[in-house]
Structures are given as C-alpha cells and as structure tokens.
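The primary structure of each chain is shown beneath.
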Amino acid sequence: MTGLLLLIPIALGLGMFGLAMFFWAMRDGQFEDLDGAANRILIDDEDGDGEKKP
Amino acid sequence: MNASAPIKTASTHEPSGDAVDTRFTVPGMRCAGCIAKIERGLSKIDGVEAARVNFSAKRVAVHHHPALDDAVLVDALRKLGFEAQPVLANPLAKDDQETRQLLRALAVAGFGMMNIMLLSVSVWSGAGGVTRDLFHWLSALIALPVVAYSGRPFFSSALMALRYRRTNMDVPISIGVLLATALSVYETFIGGEHAYFDGAVMLLFFLLAGRALDATMRGRTRDGIGALLGRMGRSASVVQPDGSTRQTKVDDIQPGMMMIVAAGEALAADGVVEQGFGSIDNSMLTGESTPEPVSIGSTVHAGATNLFGPIHVRVTAVRDETAIAEIARLMDEAGQSRSRYVRIADRASRLYAPAVHSLAALAFVGWMIAGAGWHQSLVIAIAVLIITCPCAMGLAVPAAQVVASNTLIKHGLLVKDGSALERLAEVDVAIFDKTGTLTLGEPRVDVADLSETDRSIALALSQTSRHPISRGITKSLLAAGVSPSVLKNVSETPGSGIAGECAGTPVFLGRPADAGEQMEVELRVGEEGSRLALSDPLRTDVAETIDELRGCNIDAAILSGDASQAVAQVATELGLDAQGSFEPRDKLAEIERIKSEGHLPLMVGDGLNDGPALAAAHASIAPGTASDASQQAADAVFIGERLMPVALAIRVARSTMRIVRQNFTFAIGYNVLAVPLALAGLVTPLIAAVAMSLSSLVVVANSLRLSRSIR
C-alpha cells in the first residue's frame, strides 16, 4: 500500500509530463512541416565545400 | 537540429525590431534543393532578415524590413525560378484551430484512458476493499476533468443538433458518456463494485481519433489547394484627383475611378480601357488560353490578367455588378443542392440512434418489470448504451477515407473532404470541359524541326516573357531538354514579340509580320526565319482515361464553351458525344437536366464558365491550372498534365465505399453479438473495454487494407 502511494503519483506525473510535452510541441509548431524536416537533412551546409563527393 | 533553426541571413544590415512577416505560396517547390535555393536566395536580399520554407504547405515565410515591398520578393523568387503569390496573414487559421483543438482533446483523452486503465486492470484482477475504493476515487479524479475537456466537441455538436430538433451521431455518444460517468461517480460514492470510467474515457478516445483523422485529412488537402489559390486581383492602383496613385482595396473602388493596371496584374473591377494597349489573359473567365488584344475603348472584366505594359482602365462596374459576380451568384445557387447531401455516417446514425435509445429504455423497463430494482436496471441500461456506442462506427468512415485520400495525394489528386469521396463514388456520368481540361489549356510548339542553336535561342528569348504563349514555348523547350543560350539587350514589345542579340546576331521571337488565322510564332536568327505552329494539345492519356471510366460504367461527354466545330473535332478523335458554344448558364441547365433524368453527373472543368456546372454537379473535379473559383467549387483538384487521376479518383472512391460498407457491416455484426450480452446484464466494465477496443482495431485494420488494394 505504501508503495502505491509513491508509484501512482509517479505514473500520473510521467503521463502529465508527456501530455505537457505534446502540448508544447503543438504550440511550438513542431508538426507544421513534417515533409520539410525529412527533406532538410539533404541540404548541404552553405559554407561547406559542396564539391566533396563520396 | 538544423531542421528547426531558422536560417539567418549573412547580410550586414542591423536587425530591426519592427520587421514584418510576409507569406508567399510557392507551388513549384519539389525537393530539398528548392528549399535551400529559396531560403538562401531570399536571405541574400537586403532587408530580408530570415526566410523559412514550409515544405508541406508549399509556403515561404519571409521576415523582412517593412520598407521592403512584396513585389520585390515575388520578383526575387521568380528570378530563382519559382512562381510565387503573397498570401493573406493566415486564411486557414480557423480550420487549423479546429484540428488542433481535436488533437489536444485526443491527447488528453489518451492520457486519461491509459491512467484509468492502469487502475482498472488491478480492480478487474481482484483488488478489493479499500484499494478498490481508492482506485475508483483516483479514476474519478482523472476521468471528470478528462471527460469535461475531451467531450466538448461531442457535447456542443449534440446540443446544436438537439436545439434544431434533430439527432446525429453525437447525441447517443454524449448521453452514453455522460450517463456512464454519472453512474460511475455514484457507484464510487456508495463504494460499489463496478465503475465505468474506463469505458467512458476510452469511448471518447476512439471517437476523437476518428474525428481528428477526418479533420487532418481536410487540413492536408486544403493546404495543397491553398497553395494553388490566390491569383485574383484584390486591390488596384487608383489615380487620385491630384494625379498620384494609391493602392485601393477592391471594396473601396467606385465606378468612374481610373485604375492603372500594370503588366502581370489582375483586374479588380470591370471597365473600359482609356489609355494604353496590349493584351489580356481572359482564361480565368473563359478558360480560353489565347490572349485577347485590347486597345482604347475595349471592355475588360475583373479577373482578367493584363499581360503587357500598363493600361488605364475607367471602372464601369464593381463588386456585385461585375461579370465575375454574376457567375459567382449562379455558382452559389447551384451549390445549394450539394449542401443538402447527407453523409453516410449521418444516414446510418439516423437509424442507429433511435434504435440504441429505445433498446436502452426497453432494457431498463424490462428489468424493472422483472423486479431487479431501479439501481440494477439502470446499470444494465447504461451498459447497453456503452456497448452499443458507435465506437467502430465513428472510425468506420474516417479511417477508410483518410487512407484513400492519402493514397490519392500521392497520385496527384487532392480530395477536399470525406463527403466529396462519398459523392465521387456514386457518379454514373462524366461531363468534360474541353479547353484546359481535356487539353492542357496552354499553347505548345513543335520544336522537332529546329536546330540545336535555334532551340537555345528560342528558349533564352521566351523565358524572359510572362506572355502565356512564351510560357508555353518555354515549357515545350524545357521538356525537350534544351538549355538557353546567353543573350544581350533583350527587350519585349507588346503585341509583337521579344528581340535580343546573340553573339552579335539580332534574334527575334514573336508574331509573324503576315500573321494569318493559323496560330504561329516566328523565330528569326539574323536573316533566317522559321515558323513554329502553336497548338493546344490533348493531355496524353485522355483516351486511356475515358476507357478506364467506361470500365467503371461511366459514360463520358464533352460540354464546351468553344466553337462547336473545334469541339466536334476532339469529340470524333475520342469517340465521345459533344456539344459546343455553351454559355455558363447553358452548362448549368444541362447538368440540371442530367440530374433530373436520375443520373448523378461528375463535372470536370477548369474555367470560371464551368463554375456553376461544377457547383451543381453531384461531384466535380478541376485541374490545378483552373481558376480559383472553379477550384473552390470543385470537390477535388488534380495536379499535373495527366488526366488519369480523374479515373483513379472514381476507382478509389468506389473501393473506399466498399471498405466503409464492410466496416459498417462489421460494426452492426458486433452489436448483434454484444447487445444480447448487455441486455442480459452480463456486461461488466472489463467486457465493455475489451469489446470496444477489439471492434475499433478490426475496423482500422480493415481500412488499412485499402492502401494495399490501390497500387
């Protein structure tokens, strides 16, 4: 029973934390441009030498 | 990490606190290279602090100094190789808000469901006494705020329906959830054995998942269509009494005012040309791509685009009196019938809701008569409500439609909403417009006869002009893999052509001196001249598409505003029935006639003259090059040069409806099994939870099958 007093708040707290993170991510616009994020990984950095090929 | 940080400019100017944001839609971006090109190109402009591309919405947001004009940025984008249009602050904000609201509600319901389930499982597995009571109290503590927050979309919709003395799917849902919660709170109070918090919250979660899917589907396609929209004149430079000009909003323009329309600008009102000459692109009104020459005294209509040097136009009609507004009125009236269309889920719920309510009421009365006592009778009645709550039904339609619409997006077709998919599946006759729909709607040239250097010169000349014919030539040449040569002193003469110099030789591309009936352009290099015939070719896969439609038992016909002769030629080529010289009103009348014969017509058209017919038809599709109004009126928009997406849309819509019907059959079958259990009073919270999740999972899995059945 004493274990529950500790574990239940922890479980709820973690859930609340996840929920808060999701709300933050939505407000911050993390889901605005999902296709763009996938494409941006392919962009070379501007000042890097673009000629370098594997 | 580099994906989320805005790319800062390397320019040296001071960052100013009062910089403004402007958004542009750039439909042409396709790859990572485009993102980099746009962001870097724009950042180099003086006054631009940052540029950020949203690839999904095909938009770029520019953070810049207020003194920097939109036109400069549009011009810069064109130099980078992208057509762009400024967009209003955030026209889609409201719909976006709704989707976000649903997603938040879904997240909260998900959180509540998991935590309550955690507590419920231990109760089911035998926790008793104080532990059970404590867990019930904790569940109540979580469930009450969750139901209050996540249930709002359903409660407000149900209230709305009840206020108009109607019933929809949300009424049984709301009653079920509220009663289950209330009963569970009572049970918790008296330390009873069963609490249904898990069932109530889980129900909300699954139903919200369906709603959120539906809203995201609408949002995604609207983003795509929004990227294509926004070409109509919303303001004009009006000459003031003191001779200066001022940008005036459409609403403030009065008849008698003089507006100056620059090259490339769309007219904001009807009027008569008083100064200047050139040609205008009337394709927005007529769907006809050939520019129309105008000079002093010509009448011009709002919505047309001025192609050459500035013209002065005396305004004769504004807003509601313009020719465009007349068509808009016709469209408005024609669209009425479509708004009366009842979606399949609502049709199902009309039968379903009364059945469920009377079953629950019967269960209560029956057990009372059997002498079970009011408490047990009420528990059983609520169990009936929970178990029959249309969990699977709420997912049956959106799950299948989202899968279908995502598949169609990949094939270049944007369907606006689920209702459009349902109506597309029902059509049995297809009516096509000719110009711009069966044909590409822009002139193309045959470049096979030209030498390599001539081609390069022609491309170098044509790409400097925004004239539709030049654009057509540019596209034909680019398609042939030509790269432009370097020219000097390029200049464009309205009504004549483009001249320049290539390595000392004068070159010219434009209207031949002896221009006849035949549409031709002349290319002169030095003394040598060659002729290029212009044509508006049929889309390459028109014949296949018509065949495919026949395979779906849909007959096609052509209904065009063009001269009957030109239409007849295309019709014989394709073996279709055709009628020409139709006014917008005639097209509308023809659609109404087909409907009155009991057919459900599909209209495919692009021009504003097709607008009323598009709005009146049972379902409609417009190409991505269509006028704004037509895209608004159409249920779906297809992108690219192929017509096949039209046939694909019908095929996919039909298989979607097949899946939807299977889902419904399953949901009803599930109820047939579950309701007797509930009526017998055998449903515990555990059984309710398992049955609910199982039925929802089966429906979603069945819908996912759809993506595999469509190639």
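What you are looking at is a predicted structure, and each value in this text was computed from that prediction instead of being measured.

J.: So what exactly am I meant to see when it comes to the interface of chain A and chain B here?
T.: Size of an interface, as often reported, equals the accessible area lost when the parts are brought together. Opposite the 24 residues of chain A that make contact, chain B presents 29 residues. Buried surface at the junction of chain A and chain B, both sides included, amounts to about 2300 Å², of which 64% is carbon and sulfur. One can count one salt bridge joining chain A with chain B. In this structure, the salt-bridge partner of B:Glu39 is A:Arg40, at a minimum N-O distance of 2.9 Å. For the pair chain A and chain B, the interface holds three residue pairs in polar contact (both at pLDDT 80 or more). Listing elements by their share of the side of chain A that touches chain B, those giving two or more residues are α1 (2–28) and α2 (34–40) of chain A. Ranked by residue count, the leading element in the side of chain A that touches chain B is α1(A), at eleven residues. Among the residues forming the side of chain A that touches chain B, the class breakdown is 13 nonpolar, three polar and eight charged.

J.: Looking at this structure, I do not really get the sheet that holds strand β15 (residues 429–432) of chain B. What am I missing?
T.: The strands making up a sheet are joined through hydrogen bonds of the backbone, oriented either antiparallel or parallel. Residue and element names in this part refer to chain B. Strands sit in the order β14-β26-β25-β24-β15-β22-β23 across an open sheet of seven strands; the sheet is mixed. Each edge of the open sheet carries a strand with a single partner, namely β14 (413–415) and β23 (577–579). Each strand axis lies, on average, 20° off the axis of its neighbour in the sheet, ignoring direction. In the sheet, β15 pairs with strand β24 (residues 601–604) via four bridges, with the strands oriented parallel. Paired with Ile 431 across the bridge in β24 is Met 603.

J.: How should I be thinking about the pattern of salt bridges in this particular structure?
T.: Side chains that differ in charge, positive against negative, can pair when their charged atoms come close. Residues and elements named next belong to chain B. Counted under the stated rule, the structure contains twelve salt bridges over all chains. Arg 423 is the partner of Asp 635 in a salt bridge, and the nearest nitrogen-oxygen pair spans 2.9 Å. Of this pair, Asp 635 sits in the loop between α22 (628–633) and β26 (636–638) while Arg 423 sits in helix α14 (residues 418–426), and the two are 212 residues apart along the sequence. This pair shows no difference in class: Asp 635 is buried, exactly as Arg 423 is.

J.: Just to check I follow, could you spell out a positive patch on the surface for this structure?
T.: Residues B:Arg658, B:Arg661, B:Arg705 and B:Arg708 make up a contiguous surface patch of positive charge. Position of B:Arg705 among the secondary structure elements: in helix α24 (residues 685–709).

J.: What should I look at first to understand the packing of helix α23 (residues 644–679) of chain B against α24(B) in this one?
T.: A pair of packed helices is characterised by two quantities: the angle between their axes and the separation of those axes. All names here are of chain B. Here α23 crosses α24 at 165°, and the two axes come no closer than 10 Å. The orientation of α23 relative to α24 falls into the category roughly antiparallel. Between α23 and α24 lies a crossing whose hand is right-handed. For the pair α23 and α24, contact is made by Ser 655, Thr 656, Ile 659, Gln 662, Asn 663, Phe 666 and Tyr 670 and by Ala 691, Met 692, Ser 695, Val 698, Val 699, Asn 702, Ser 703, Arg 705 and Leu 706, respectively. Here the contact of α23 with α24 is composed, by residue class, of eight nonpolar, seven polar and one charged.

J.: Please explain the pairing of strand β8 (residues 270–275) of chain B as it appears in this structure.
T.: Side-chain positions along a regular strand alternate between the two faces of the sheet. All names here are of chain B. Relative to strand β13 (residues 311–317), β8 runs antiparallel, the two being bridged by five bridges. Opposite Val 273, over in β13, you have Val 313 as the bridge partner. In the sheet, β8 pairs with strand β11 (residues 299–300) via two bridges, with the strands oriented antiparallel. Bridge pairing in β11 links Gly 271 to Val 300.

J.: I'm lost on the environment of B:Asp428 in this one. Help?
T.: All names here are of chain B. Residue position: Asp 428 is located in the loop between α14 and β15. With 170 residues separating them along the chain, Asp 428 and Gly 598 place their C-alpha atoms 9.9 Å apart. When neighbours within four sequence positions are excluded, Asp 428 is seen to be in contact with Asn 553, Ile 554, Asp 555, His 599, Leu 600 and Pro 601. Among the polar contacts listed, one links the side chain of Asp 428 to the side chain of His 599, at a separation of 3.4 Å.

Parameters at a glance
- Residues numbered from 1 in each chain as written.
- Chains lettered and ligands numbered in written order.
- Predicted model: local features only at pLDDT ≥ 70, side-chain atom pairs only at ≥ 80, totals over all residues.
- Heavy atoms only, no water.
- Contact = heavy atoms within 4.5 Å.
- Buried area = accessible area lost by both parts, 1.4 Å probe.
- Salt bridge = Lys/Arg side-chain N within 4 Å of Asp/Glu carboxyl O.
- Polar contact = N/O pair within 3.5 Å; in protein donor to acceptor, adjacent residues only side chain to side chain.
- Helix = DSSP H or I, 4+ residues; strand = E, 2+ residues; numbered from the N terminus.
- Nonpolar A, V, L, I, M, F, W, Y, C, P; charged D, E, K, R; others polar.
- Pairing = 2+ DSSP bridges.
- Axes fitted to C-alpha atoms, helices over the stretch in contact; angles between N-to-C directions.
- Buried < 20%, exposed > 50% of the residue type's maximum accessible area, 1.4 Å probe, protein only.
- Patch = residues over 30% accessible without salt bridge, like charges linked within 9 Å, V, L, I, M, F, W, Y side chains within 5 Å.
- Areas by Shrake-Rupley, 256 points an atom, 1.4 Å probe, with all protein chains shown as cover.
- Lys, Arg positive; Asp, Glu negative; His and termini not counted.
- Charge placed at Lys NZ, Arg CZ, Asp CG, Glu CD.
- Parallel < 35°, antiparallel > 145°, perpendicular 65-115°, else oblique.
- Left-handed = near helix turned anticlockwise from the far one by under 90°.

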